[in-house]
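What follows is each chain in one-letter form.
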Amino acid sequence: MRPGLSVGSGRGPRLRWQLNYRFSSALGTRGWSYWLDTFNIAYGPVNADVFLSTPPVFIDEQGPLR
């Protein structure tokens, strides 16, 4: 997490966090494999539909895909 981001600072804070990955086979004989993980995180009791709207905090840790 980034410094200064406190998820547990009260009831209901939420965030969306995105990470991406790119891999090739061990010998480099196959093409690349790519995926994007998106985590929607809430602290405390929230309604399930809370994740359908834009969160107040968005952490983008997607790396370059060279």
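Everything numeric in this text was worked out from a predicted model, so none of it was measured.

Draft legend 1. Quick peek at the overall build of the chain. Secondary structure summary: the chain contains zero helices and three strands in total. Ordered by position in the sequence, the α and β elements of the chain form the string β-β-β. Every one of the 66 residues in the chain was classed for burial, and the buried ones make up 17%. Long-range contacts, defined here as pairs at least 24 residues apart, represent 59% of the contacts in the chain between residues at least 6 apart.

Draft legend 2. View of the packing of aromatic side chains. Following the criterion strictly, the structure yields two aromatic pairs and no others. Relative to Phe39, the ring of Trp17 has its centre 6.0 Å away and its plane inclined at 50 degrees; by these criteria the two rings are tilted. With Trp17 in strand E1 (residues 14-23) and Phe39 in strand E2 (residues 33-42), this residue pair connects regions lying 22 residues apart in the sequence. Ring centres 5.3 Å apart and planes at 40 degrees place the aromatic pair Tyr21 and Trp35 in the tilted group. Of this pair, Tyr21 sits in strand E1 while Trp35 sits in strand E2, placing them 14 residues apart in sequence. Classification of Trp35 by relative accessible area gives partly exposed; the value is 37%.

Thresholds applied
Residues numbered from 1 in each chain as written. Predicted model: local features only at pLDDT ≥ 70, side-chain atom pairs only at ≥ 80, totals over all residues. Heavy atoms only, no water. Helix = DSSP H or I, 4+ residues; strand = E, 2+ residues; numbered from the N terminus. Buried < 20%, exposed > 50% of the residue type's maximum accessible area, 1.4 Å probe, protein only. Contact = heavy atoms within 4.5 Å. Phe/Tyr/Trp six-rings, centres within 6.5 Å; stacked < 30°, edge-to-face > 60°.

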